Protein chains: 2
Amino acid sequence: MKKAGVAILGLGVVGGGTYQILTEKKEYFKKTQGVDITVECVLEKNVDRALSLGIERSAVASSIEEVVSNPNVDIVVEVIGGVEPAKTFVTKALKSGKTVVTSNKELFAKHWTELEAEAKKMNAGLFFEASCVGGVPIIRTLQEGMQANKILSIKGIINGTTNYILTKMANEGSSYEEALKEAQRLGYAEFNPTADVEGFDATYKLSILSSLAFNKKICIENVYREGITAVDKEDIAYGKEMGYTLKLLGIGKDTESGVEVRVHPTFIKNSDPLASVNDSFNAVHLVGDAVGEIMLYGRGAGALPTGSAIVSDVIFAAKHDRYFYTNFENNKKGNKQTKFVGDFTSKYYIRLSVADKAGVLAKISGLFAKNNLSIQEVRQVAGSEGEAQIIIVTHLCSESLVKKTLEKLKTTAEVFAVKGTIRMED
Amino acid sequence: MKKAGVAILGLGVVGGGTYQILTEKKEYFKKTQGVDITVECVLEKNVDRALSLGIERSAVASSIEEVVSNPNVDIVVEVIGGVEPAKTFVTKALKSGKTVVTSNKELFAKHWTELEAEAKKMNAGLFFEASCVGGVPIIRTLQEGMQANKILSIKGIINGTTNYILTKMANEGSSYEEALKEAQRLGYAEFNPTADVEGFDATYKLSILSSLAFNKKICIENVYREGITAVDKEDIAYGKEMGYTLKLLGIGKDTESGVEVRVHPTFIKNSDPLASVNDSFNAVHLVGDAVGEIMLYGRGAGALPTGSAIVSDVIFAAKHDRYFYTNFENNKKGNKQTKFVGDFTSKYYIRLSVADKAGVLAKISGLFAKNNLSIQEVRQVAGSEGEAQIIIVTHLCSESLVKKTLEKLKTTAEVFAVKGTIRMED
């Protein structure tokens, strides 16, 4: 039977879940997987936390050097999070020829290329299933299930915190602030929620997922990012009436005009399979040129779901001798660089607060027409006294055209304010 | 670069799709996967079909012996379907040490154990991603993505033909016969639709999927099977009003009382993620003890989706040296055998045609109470003259209890007929 020794760096929520699965299921994995996996040591400053998990004091390493020089350790699991000291630790592990399994999306989105170069030098494995969408096996699917396909698009709800907040706003009519507070109370959002609500977390994941999907390294700088902090519950309610659900989507497309990657609040049709992905659930929708549409759905976070992804990588690494290395077409010298689409095309939902008097709708729709911005649907609803709300859904148009038109609208006397501008995806 | 030679047995729809992907993407796979795959030969009686796909006459083998004795062939793709001659061909390929990739659910459900024994002897691979749910990578997910989990349940829409028919009945109020005809016209159902509409196809797939999920060999004889030919559009309509969608589900559960595997029409709540899986789409929902809920969704059939699954297996086989063999706990001598639950527990939807007169509802609910069959919801609707319809939703109860009560109902004077009995799943 194959044997593998594991070291866990960091015993936070995910580290604890990973330790629990690996130890409680040691016999189960011997039986079902034919591999004998032992947690040889952990690296954790908080020794009490280690002891409380049932780890012997002698198995708590005092330094990364102690971990990587341990000949019984084959696989190093990094679940510290953030760039440092994780990067230094992972690099040392790879330089020592250890295979690394990580859940660290920020580290991976920022330093994948360097880390993979180190791994390749020593023929070590570098696994990162847990970095994206928790327990959902989306990385394995892209690497080992979709090989026959050129992936044309990827569209996902890849951040559970924001999905929880938006679901609460939609179902209960809560404001963003109220929903965020509830998410914090339940532990779905952190005390400082910036990484989630401003879309950084989703950007890291989209960078990793779209790189794999399109076989091109897509850096976080290439991803357009917009969070949910400015989302108004009014827009969610109006969208609902019109048959749309608001989600923070990560969207990637690989077309003849170039690659387009963006994270922003998006209206999707209620009939879209992603529309019924609620609360802290995540889902990723792919279109492949052979397979057509595929969707994966599940828990994007949590001790055991993320632990499930890490342990899956540990077992894969222990069983298979050949590791996955990327072969991104834009990573090689002399290859033409990837073209990114900045001015992307989308449908738009635009809500205006206007003067409630005759001729205003005609004037505004005239302004849209003059700017070649084609309207698919328009609604006027009563507002407060002397004010009305006009909601316009455009046909597909370029981002720049919308911006130009919005500027004109802002200087139109009858327009009090542009209240909401939300992209839509079919 | 790793090289692999492929032979394709059978050039039907799926064989054609597989050939197309392997040849059109040869260079793409060299670049993205680092493997050079060549279709060395095909076995197909209809030589014209082979020529029409662009295959040279010299590459059309005249016998299975010619295929398996070809030293350039490493991987044999079997897409003939049915038990014979597929079984003979696959066995010969395995005995010659060739790795086999198959889409043949019937062969696999019936002869997996023997085929795997042959594969193991020669250290050959045996891949079957395409046998279940077309392009959806459910086998790879169970084998290489869910290893950390004990799978507690599996629930799936695993037959596209019946899902197309039931969707049409629900959306357009068609009868079963009308919807079947339309499915046949569109090529979703075969001229002889028995394998699909009577649930045999779903039974093969559930047998394979639940064996992998629960790590126990589950034979087709262990699967309770009921097709959709008796489904009445009235029941679909009543269910809809009550918030339920009717699907042909494959259900597997591994509990302390034993293993329960069944294929039958099932009402699920409209909010269930499976309820919005429509037309010929398929989906599989798993619950793992670590990962929680996971769902995979996509196309269950078709030349390119199924071809995508086959080519994924071919590439996996070409890249990895270690193959997957099962280690079913009930396959070994001396191991205790798996206990199957025959009298399973479910909620039931029961529709009765009764005499429209005072006291009938009281009499029927009294009969339920006397049989300890607990009612969750009851509705009475007007029927034709002198007749009323009573719809009863039970709480969870045993199959045998329902059968016993139904027998009593049938001999009750005021009950004209038991019109519909449909299991429900939460």
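The coordinates are above.
Please read these numbers as outputs of a predicted model, since none were measured by experiment.

The rules behind these values
Residues numbered from 1 in each chain as written. Chains lettered and ligands numbered in written order. Predicted model: local features only at pLDDT ≥ 70, side-chain atom pairs only at ≥ 80, totals over all residues. Heavy atoms only, no water. Helix = DSSP H or I, 4+ residues; strand = E, 2+ residues; numbered from the N terminus. Rg over C-alpha atoms; globule rule 2.2 N^0.38 Å. Contact = heavy atoms within 4.5 Å. Areas by Shrake-Rupley, 256 points an atom, 1.4 Å probe, with all protein chains shown as cover. Lys, Arg positive; Asp, Glu negative; His and termini not counted. Charge placed at Lys NZ, Arg CZ, Asp CG, Glu CD. Buried < 20%, exposed > 50% of the residue type's maximum accessible area, 1.4 Å probe, protein only. Arc of directions from axis to C-beta. Least-squares fit on C-alpha atoms with pLDDT ≥ 70 in both. Pairing = 2+ DSSP bridges. Buried area = accessible area lost by both parts, 1.4 Å probe. Salt bridge = Lys/Arg side-chain N within 4 Å of Asp/Glu carboxyl O. Core = buried A, V, L, I, M, F, W, Y, C linked by side-chain atoms within 4.5 Å. Polar contact = N/O pair within 3.5 Å; in protein donor to acceptor, adjacent residues only side chain to side chain.

A. Region of interest: the overall build of chain A. Along chain A, the regular secondary structure elements total 15 helices and 17 strands. A compact globule built from 426 residues would reach a C-alpha radius of gyration of about 22 Å, and chain A, at 24 Å, matches this within 12%. For chain A, the spread of C-alpha atoms along the principal axes amounts to about 80 × 50 × 35 Å. Taking the contacts inside chain A whose residues are at least 6 apart along the sequence as the reference set, 74% of them involve residues at least 24 apart. Element-wise, carbon and sulfur atoms account for 50% of the exposed surface of chain A, whose accessible area totals about 16600 Å². Taking the average place of the 52 positive charges on the side chains of chain A and the average place of its 52 negative ones, the gap between the two points comes to 3 Å.

B. Highlighting helix H9 (residues 176-185) of chain A. All names here are of chain A. Buried within H9 are the following residues: Tyr176, Ala179, Leu180 and Ala183. The buried side chains of H9 occupy one side of the element, clustering within an arc of 100° when seen end-on. H9 presents Glu177, Lys181 and Arg185 as exposed residues on the side facing more than 90 degrees away from its buried surface. Where H9 is buried, its residues contact helix H8 (160-172) and helix H10 (194-197). Directly after H9, the chain includes Gly187, whose backbone phi takes a positive value near 85°.

C. Spatial organisation of the relation of the copies chain A and chain B. Expressed as a screw transformation, the operator carrying chain A onto chain B has a rotation angle of 180° and an axial translation of 0.0 Å, and the superposed copies differ by an RMSD of 0.0 Å. Here the copies are linked by what is in effect a two-fold axis. Closest approach to the rotation axis within chain A is made by the C-alpha atom of Leu296 of chain A, at a distance of 2.3 Å. In this assembly, 100% of the residues forming the interface of chain A have copies in chain B that are likewise at the interface, indicating an isologous arrangement.

D. Structural detail: the sheet that holds strand S3 (residues 60-61) of chain A. All names here are of chain A. Spatially, the six strands line up as an open sheet ordered S3-S2-S1-S4-S5-S6, and their pairing is parallel. One side of each edge strand has no neighbouring strand; the edge strands of this open sheet are S3 and strand S6 (126-127). The pairing of strand S2 (residues 35-43) with S3 spans two bridges and is parallel. Bridge assignment links Val42 to a residue of S3, and that residue is Val60.

E. Quick peek at the interface of chain A and chain B. The partner chain B presents 46 residues to the 46 residues of chain A that form the contact. Contact between chain A and chain B buries roughly 4200 Å² in total, counting both sides, with carbon and sulfur atoms accounting for 51%. Of all residues in chain A, Gln147, Tyr297 and Arg322 of chain A bury the most surface against chain B, accounting for 16% of the area lost on that side. At the boundary of chain A with chain B, the tally comes to two salt bridges. Asp289 of chain A is the partner of Lys25 of chain B in a salt bridge, and the nearest nitrogen-oxygen pair spans 2.7 Å.

F. Fine view of the pairing of strand S17 (residues 415-425) of chain A. Residues and elements named next belong to chain A. Alignment of strand S10 (residues 258-269) against S17, held across three bridges, turns out to be parallel. The residue of S17 that forms the bridge with Thr266 is Arg423. Relative to S17, strand S13 (residues 345-355) is paired through eight bridges, and the arrangement is antiparallel. Note that in S17 the partner of Tyr349 across the bridge is Ile422.

G. The arrangement of the nonpolar core in detail. Counting 160 residues, the largest nonpolar core has Ile138 of chain A together with Ile138 of chain B as the members making the most contacts within it. If we ignore the near neighbours within four places in the chain, the residues touching Ile138 of chain A are Glu129, Cys132, Val133, Leu209, Val284, Leu286 and Leu296 of chain A. Among the nonpolar cores identified, the runner-up in size contains 68 residues, and Tyr19, Leu22 and Ile37 of chain A together with Ile37 of chain B belong to it.

H. Fine view of helix H12 (residues 233-241) of chain B. Residue and element names in this part refer to chain B. Every buried residue of H12 is accounted for by Asp235, Ile236, Tyr238 and Gly239. When H12 is viewed along its axis, its buried side chains cluster within an angular range of 165° and face the same direction. You can read the cap of H12 off the contacts: a side-chain oxygen lies 2.9 Å from the backbone nitrogen of Glu234, and it is on Asp232.

I. Quick look at the pattern of salt bridges. As enumerated under the stated definition, the model contains 58 salt bridges over all chains in all. Residue Glu118 of chain B is joined to Lys95 of chain B by a salt bridge in which the shortest nitrogen-to-oxygen separation is 3.2 Å. Taken as a pair, Glu118 of chain B in helix H6 (residues 105-121) and Lys95 of chain B in helix H5 (residues 86-95) lie far apart in primary sequence, 23 residues in all. Residue Glu118 of chain B is classed as buried on the basis of its relative accessible area of 14%. By relative accessible area, which is 47% here, Lys95 of chain B ends up partly exposed. The closest approach of N and O atoms between Lys110 of chain B and Glu106 of chain B, which form a salt bridge, is 2.7 Å. In this pair, Lys110 of chain B and Glu106 of chain B are both assigned in helix H6, four residues apart and thus about one turn of the helix distant. One salt-bridge network, in which partners are shared between bridges, spans Lys253, Glu260, Arg262 and Glu425 of chain A.

J. Quick peek at the pairing of strand S10 (residues 258-269) of chain B. All names here are of chain B. Counted residue by residue, S10 has 11 buried out of 12 residues, so it is predominantly covered. Sheet topology places strand S8 (residues 224-225) next to S10; two bridges connect them, and they run parallel. Across the sheet, residue Arg225 finds its bridge partner in S10, namely Val263. Where strand S9 (residues 244-255) meets S10, 12 bridges bridge the pair, whose relative direction is antiparallel. Among the inter-strand pairings, Gly250 is bridged to a residue of S10, identified as Val263. Linking S9 to S10, which pair antiparallel, is a turn of two residues.

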